[in-house]
Amino acid sequence: QVQVVESGGGLVQAGGSLRLSCTASGSIFSIDRMSWYRQAPGKQREFLATVARPGSVDYTTDYSNSVEGRFTVSRDNAKNTVYLQMNSLKPEDTGVYYCNVLLTTRQGLNRHYWGQGTQVTVSS
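None of the values given here were measured: they were computed from a predicted structure. (Residues numbered from 1 in each chain as written. Predicted model: local features only at pLDDT ≥ 70, side-chain atom pairs only at ≥ 80, totals over all residues. Heavy atoms only, no water.)

A. Spatial organisation of the pairing of strand β3 (residues 18-26). Two strands pair when backbone bridges link them, and strand β1 (residues 2-7) and β3 are joined in this way by 6 bridges, in the antiparallel orientation. Within the sheet, the bridge partner assigned to V5 lies in β3 and is T23. The pairing of β3 with strand β8 (residues 81-86) spans 6 bridges and is antiparallel. Bridging from a neighbouring strand, S21 pairs with Y83 of β8. (Pairing = 2+ DSSP bridges. Helix = DSSP H or I, 4+ residues; strand = E, 2+ residues; numbered from the N terminus.)

Now the structure itself:
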């Protein structure tokens, strides 16, 4: 069994910063990719940022155009944790932020897991 839990959301003024965290725990053999998504009210869930496993041939970070230059994704492999540092926040960044983890369980199952989401509200 695997759990994915986000934290760090809240209310912030425009121009401010927040740091989100997401930790995967349970029956995990290895974690491949960790990503962040956002779902704004009345909109579809959208990709924000992703980071591959350190040491892998494709160890890179990638961002959507809407957050590149303002958000930074990083991970702590020892803690099975991914972070999203969000700076220069705008009201349009408001939404529920979800973590997605692609991992292999100890039972050999390779699949994506989602967290329950954390709310970010940016006031103007």
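B. Representation of the environment of E6 in the model. Mapped onto the elements, E6 comes out in strand β1. Residue class for E6 comes out buried when judged on its relative accessible area of 4%. A C-alpha to C-alpha distance of 15 Å links E6 and A49, two positions 43 residues apart in sequence. Ignoring anything within four residues of it in the chain, the contact list for E6 reads S21, C22, W36, Y97, Y98, C99, G115, Q116, G117 and T118. In this structure the side chain of E6 is engaged in a polar contact, spanning 2.7 Å, whose partner is the backbone nitrogen of C99. Within polar-contact distance, the side chain of E6 engages the backbone nitrogen of G117 at 2.8 Å. (Buried < 20%, exposed > 50% of the residue type's maximum accessible area, 1.4 Å probe, protein only. Contact = heavy atoms within 4.5 Å. Polar contact = N/O pair within 3.5 Å; in protein donor to acceptor, adjacent residues only side chain to side chain.)

Nothing here speaks to function; it is geometry throughout.
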